Amino acid sequence: MPKIDYEKYLVRKPNYEAFGGTKNRQSPTMTMMSNKQVPGVNYYIEPGWIYGIPEPNPSLHEHVHDYDEIVMHVGGDYKVPQVLGGEVEFYVGGQPITFNTSTTFYIPKGTPHGPVIWEKFQFPHLQMAIMCGTGSAGEAWEESGIHEEKNKLPVKTKDFDYEQYAVRSPIREAGSNGPMTYMSAAQVPDVKYHIEFGWITGQSASRTKGIREMVHQDADEIILNLGSDPSEPEDLGADIEFTVGGQPLRFNTTSALFIPKGTRHGPIKYLEFRKPHIVIAIICGVGTLKEAD
């Protein structure tokens, strides 16, 4: 059997292909995972920094996908990670949901969502879309209607409380100092995604030397390492060695790593730490850590 070069699963530099022309935010956004970057991958992920009230507001209108989507809004200050740094009104199924904390939404395929309207801005924060089932920006967005301006706000037509799809407060499954779970079956019943979000600071970086090797037999995983400086979003702020399939991969930029199911990965070593940054682990196909492990 030929040896796999796991470098092909590491996205070291984002593409810039979606949502150009908006002021006060990263525009275009950073495509961190797609089948252009990792051929054959069936996920599309794009984060973007918000550094003011976007103009126009809204710039994202009501739309609908043929794929499940996870939408994350996370605060950019590691000292208060659950504070978003703004106030946002997000329509899901025609129902307005307002939040000012780090919040994640599960959007099942076929569910209309948008517009996204910023009511207040305090400090930079991150908006991220995770599309499950397609690795193509065209399939994800072009026919969705996201850029089609509407003359009026959407109206809710179903007798369903879409607040059930919003995770406003995380679970800390690994204790008070562990990562924050912002999507799981424990928070949104029957969901098949498990997402952990965490800040790496100087102190926490020294503790990651003990992260063990692991394998998810039945679930793909994507690990994002995102720099926290909106003015230099590709600078990770650390030099990391992450072993995948026994192969050490070293990187120091904002990056994404696709780990196919059944692939051993870990340990993680911090070779140099310069400034805090964000780590997001997305496990696709299972809703709990027990299922994943």
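Higher on the page you've got the structure.
The paragraphs below set out a description of the structure included in this document. Keep in mind it's a predicted model, so treat the numbers as computed, not measured.

Overview of the overall build of the protein chain
Counting secondary structure elements, the protein chain contains three helices and 18 strands. At 18 Å, the protein chain has a C-alpha radius of gyration in line with the 19 Å of a compact globule built from 293 residues. Judged by the C-alpha coordinates and their principal axes, the protein chain covers about 55 × 40 × 35 Å. For the protein chain, the proportion of its 293 residues judged to be buried stands at 55%. For the protein chain, the share of sequence-separated contacts (at least 6 apart) that also reach a separation of at least 24 residues comes to 71%.

Remarks on the sheet that holds strand E5 (residues 83-92)
Across a sheet, strands are paired by hydrogen bonds formed along the backbone, either parallel or antiparallel in direction. Spatial ordering of the open sheet is given by E6-E5-E8, a layout of three strands whose pairing is antiparallel. The open sheet terminates on both sides in strands that have one partner only, identified here as strand E6 (95-101) and strand E8 (113-121). The mean angle between the axes of side-by-side strands here comes to 20 degrees, regardless of whether they run parallel or antiparallel.

A few points about the packing of aromatic side chains
As enumerated under the stated definition, the model contains 13 aromatic pairs in all. Note on Tyr 6 and Tyr 9: the rings are 6.1 Å apart at their centroids and 45 degrees apart in plane angle, and the pair reads as tilted. The same class applies to Tyr 6 and to Tyr 9, which are both buried. Ring centres of Phe 160 and Tyr 162 lie 4.9 Å apart, and the angle between their planes is 70 degrees; this geometry places the pair in the edge-to-face category. Residue classification places Phe 160 among the partly exposed residues on the basis of a relative accessible area of 28%. A relative accessible area of 7% means that Tyr 162 is categorised as buried. Among the aromatic residues, ring-to-ring pairing joins Tyr 106, Phe 160, Tyr 162, Tyr 165 and Tyr 193 into one connected group.

So, the pattern of salt bridges
Oppositely charged side chains may form a pair once their charged atoms are brought near each other. For the structure shown, the criterion picks out 11 salt bridges. Residue Arg 274 pairs with Asp 235 through a salt bridge whose shortest N-O separation is 3.7 Å. Here Arg 274 is found in the loop between strand E17 (265-273) and strand E18 (277-284), whereas its partner Asp 235 is found in strand E14 (residues 235-244), with 39 residues between them in sequence. The salt bridge involving Arg 250 is made with Asp 239; its shortest N-O contact spans 2.8 Å. In this pair, Arg 250 is assigned in strand E15 (residues 247-253) and Asp 239 in strand E14, connecting sequence segments 11 residues apart. Residues joined in a network through salt bridges with shared partners are Asp 229, Asp 235, Glu 272, Arg 274 and Lys 275.

A short note on the sheet that holds E17
The three strands are arranged E15-E14-E17 in an open sheet whose pairing can be described as antiparallel. Edge positions in the open sheet fall to E15 and E17, since each of these has one partner strand only. Looking at each pair of strands side by side, their axes are set apart by 20 degrees on average, direction ignored.

As for the pairing of strand E13 (residues 220-227)
The element E13 is extensively covered by neighbouring structure, given that eight of its eight residues are classed as buried. Note: E13 against E18, eight bridges, orientation antiparallel. Across the sheet, residue Asn 225 finds its bridge partner in E18, namely Val 279. As paired elements, E13 and strand E16 (residues 255-259) share five bridges and run antiparallel to each other. Bridge pairing links Ile 222 to Phe 258 in E16.

Considering the pairing of strand E4 (residues 68-75)
Side chains on a regular strand alternate between the two faces of the sheet. Where burial is concerned, most of E4 is hidden: eight out of the eight residues are buried. Because side chains alternate across E4, one face comprises the buried residues Asp 68, Ile 70, Met 72 and Val 74, and the other comprises Glu 69, Val 71, His 73 and Gly 75, equally buried. Where E4 and strand E9 (residues 125-132) come together, eight bridges link them in antiparallel fashion. Note on E9: the bridge partner recorded for His 73 is Gln 127. Direction of pairing for E4 relative to strand E7 (residues 103-107): antiparallel, over a ladder of five bridges. The partner of Val 71 across the bridge, within E7, is Phe 105.

Thoughts on the environment of Pro 56
The topology assignment puts Pro 56 in the loop between strand E3 (43-55) and E4. Judged by its relative accessible area of 48%, Pro 56 falls in the partly exposed class. When the C-alpha atoms of Pro 56 and Lys 23 are compared, they prove to be 7.4 Å apart, with 33 residues separating the residues in sequence.

So, how was this worked out
- Residues numbered from 1 in each chain as written.
- Predicted model: local features only at pLDDT ≥ 70, side-chain atom pairs only at ≥ 80, totals over all residues.
- Heavy atoms only, no water.
- Helix = DSSP H or I, 4+ residues; strand = E, 2+ residues; numbered from the N terminus.
- Rg over C-alpha atoms; globule rule 2.2 N^0.38 Å.
- Buried < 20%, exposed > 50% of the residue type's maximum accessible area, 1.4 Å probe, protein only.
- Contact = heavy atoms within 4.5 Å.
- Pairing = 2+ DSSP bridges.
- Axes fitted to C-alpha atoms, helices over the stretch in contact; angles between N-to-C directions.
- Phe/Tyr/Trp six-rings, centres within 6.5 Å; stacked < 30°, edge-to-face > 60°.
- Salt bridge = Lys/Arg side-chain N within 4 Å of Asp/Glu carboxyl O.

Coordinates in, geometry out; function isn't part of it.
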